[in-house]
Amino acid sequence: MNTLDGKRILVTGALGQIGSELVHGLRRRYGKDLVVASDIRYAPPEESQEMEPFAYVDCTNETQISEAIRRWDVGTVFHLASLLSAAAEAKPHVAWNLNMGGLYRVLEIARENNLAVFFPSSIGAFGPSTPSVKTPQDTIQRPTTIYGVTKVAGELLCDYYFQRFGVDTRGVRYPGLISHIAPPGGGTTDYAVDIFYEAIRHGRYTCFLSAETRLDMMYMPDALDAAIDLMAADADRLVHRNAFNVTGMSFTPEELTSEIRKHLPRFEIDYQIDPVRQAIADSWPDSLDDSAARAEWDWSPRYDLPMMVEDMLRQLEVKLSAGDGAGVKGNTR
Ligand code: SER
């Protein structure tokens, strides 16, 4: 990665679901001063010190991105600023402008300044005509959401900037991400995070996807390793560069419930299907084949379903009993 020659890393969307943890993951690996967080909003006062160095950057504004790159002498951008699937479906024009327009601006600035760029694609880049079980690395991609359209176009644009201009673009296709730190917001896979908060607070959860909706998922520590390890990988080994399938586990709401019940036996779930998010989930794969990532940069996730559930419950019980106003209710462990 370019950063190893002393240049800094810029993380866009640093206050979002991935960003708020990736910033700290990168700082643990490269040092606090080498990693600049940026977002279109400011961190709440109690976290703002922790986010420093911080730059205010609206990724639809080329000047603001360029100024941050120059001011902080940036060599690598982890470009995370984007709307998730359900939020994008509610505001397709905003999603196109931010998800696509933001990436295009970042790539143009990367071309002019010789920057490396990490771009997160998603299981959303697949659609109903994609083989849904063990979805291959190279396969049919005809998504039916605006989010998916921007992700496929983003994958292609990153490939183009590498092939045409030599920009060091790299990226993965993330499945649903689960974390006890930052909430997702506006995604289709969000149920797999919400369920833990409700299980601990109230002992019950109403799920917006059906019991048997199978989706690919990953625990956040693995997602952070994927981004950081791919950017540090030996470029000569990379055949794909962008849009590597990565996966940690694959489960349905019913299977997740059974696993949670091993710790909270009285946990209850019921279902109130949201047709928009159900249709999105139904168009996405059940599980991904991540063999290209394993072969080309030694990808290997650490967390399976039982390990993730155990850790989520342990971490959230501490967090919710310590600081959250709602407190820990209905904990039947
Ligand atoms: N977690 C994302 C979403 O649900 C998928 O990339 O939108």
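The shown structure was predicted, so the numbers you read here are calculated from the model rather than taken from an experiment.

Thoughts on the sheet that holds strand S9 (residues 215-219)
Piece 1. Spatially, 3 strands are ordered S7-S9-S11 in an open sheet, and the strand pairing comes out mixed. Strands with a single pairing partner mark the edges of an open sheet, and in this sheet they are strand S7 (176-178) and strand S11 (249-251). Mean inter-strand twist for the sheet, computed between neighbouring axes without regard to direction, equals 40°.
Piece 2. Inspection of the sheet shows S7 paired to S9 by 3 bridges, in the parallel sense. Looking at S9, one finds that Leu-177 is bridged to Met-218.

A word on the environment of Ala-125
Piece 1. Relative to the helices and strands, Ala-125 is located in the loop between strand S5 (116-122) and helix H6 (146-165).
Piece 2. Sequence spacing of Ala-125 and Leu-22 is 103 residues, and the spatial spacing of their C-alpha atoms is 22 Å.
Piece 3. In contact with Ala-125, not counting residues within four places along its chain, are Gln-141, Pro-143, Gly-148, Lys-151, Val-152 and Glu-155.

Some details on a nonpolar patch on the surface
Piece 1. On the surface, a nonpolar cluster with roughly 340 Å² of combined accessible area is contributed by Ile-40, Tyr-42 and Tyr-56.
Piece 2. The topology assignment puts Ile-40 in the loop between strand S2 (35-39) and helix H2 (45-51).
Piece 3. With a relative accessible area of 46%, Ile-40 lands in the partly exposed category.

Some details on the pattern of salt bridges
Piece 1. For the structure on display, the rule yields 18 salt bridges.
Piece 2. Across the pair Asp-311 and Arg-314 runs a salt bridge whose closest N-O atoms are separated by 3.1 Å. Taken together, the residues Asp-311 and Arg-314, both in helix H12 (residues 305-322) and 3 residues apart, mark about one turn of the helix.
Piece 3. Here the salt bridges share partners, and the residues they tie into one network are Asp-168, Arg-170 and Arg-241.

Description of the environment of Leu-103
Piece 1. Along the polypeptide, Leu-103 turns up in helix H5 (residues 92-113).
Piece 2. Note: C-alpha distance between Leu-103 and Val-133 (30 residues apart in sequence) is 30 Å.
Piece 3. Every residue in contact with Leu-103, bar those within four places of it in the chain, is listed here: His-79, Leu-98, Phe-119, Gly-154, Leu-157 and Cys-158.

Structural notes on the pairing of strand S4 (residues 74-79)
Piece 1. Counted residue by residue, S4 has 6 buried out of 6 residues, so it is predominantly covered.
Piece 2. Pairing between strand S1 (residues 8-12) and S4: 5 bridges, direction parallel. Bridged to Ile-9 within S4 is Thr-76.
Piece 3. By the bridge criterion, 3 bridges tie S4 to S5 in an arrangement that is parallel. Paired with Phe-78 across the strands is Phe-118, a residue of S5.

Some words on the packing of helix H9 (residues 253-261) against H12
Piece 1. Between H9 and H12, the least distance of the axes is 10 Å, while the angle of their chain directions is 60°. Relative to H12, H9 is oriented oblique. For the element pair H9 and H12, the recorded crossing hand is right-handed. Here Glu-255, Leu-256, Glu-259 and Ile-260 of H9 lie close against H12, whose contacting residues are Leu-305, Pro-306, Met-308, Val-309 and Leu-313.
Piece 2. Taken together, the residues that form the contact of H9 with H12 break down as 7 nonpolar, no polar and 2 charged.

Here's the deal with the pairing of S1
Piece 1. Here S1 lies mainly inside the structure; 4 of its 5 residues are buried.
Piece 2. Where S1 meets S2, 3 bridges bridge the pair, whose relative direction is parallel. From the neighbouring strand, Val-11 faces S2, where its bridge partner is Ala-37.
Piece 3. In this fold, S1 hands off to helix H1 (residues 19-30), which returns the chain to S2; that crossover is right-handed.

Thresholds, definitions, all that
- Residues numbered from 1 in each chain as written.
- Predicted model: local features only at pLDDT ≥ 70, side-chain atom pairs only at ≥ 80, totals over all residues.
- Heavy atoms only, no water.
- Pairing = 2+ DSSP bridges.
- Helix = DSSP H or I, 4+ residues; strand = E, 2+ residues; numbered from the N terminus.
- Axes fitted to C-alpha atoms, helices over the stretch in contact; angles between N-to-C directions.
- Contact = heavy atoms within 4.5 Å.
- Patch = residues over 30% accessible without salt bridge, like charges linked within 9 Å, V, L, I, M, F, W, Y side chains within 5 Å.
- Areas by Shrake-Rupley, 256 points an atom, 1.4 Å probe, with all protein chains shown as cover.
- Salt bridge = Lys/Arg side-chain N within 4 Å of Asp/Glu carboxyl O.
- Buried < 20%, exposed > 50% of the residue type's maximum accessible area, 1.4 Å probe, protein only.
- Parallel < 35°, antiparallel > 145°, perpendicular 65-115°, else oblique.
- Left-handed = near helix turned anticlockwise from the far one by under 90°.
- Nonpolar A, V, L, I, M, F, W, Y, C, P; charged D, E, K, R; others polar.
- Right-handed = clockwise from strand over helix to strand, strands pointing away.

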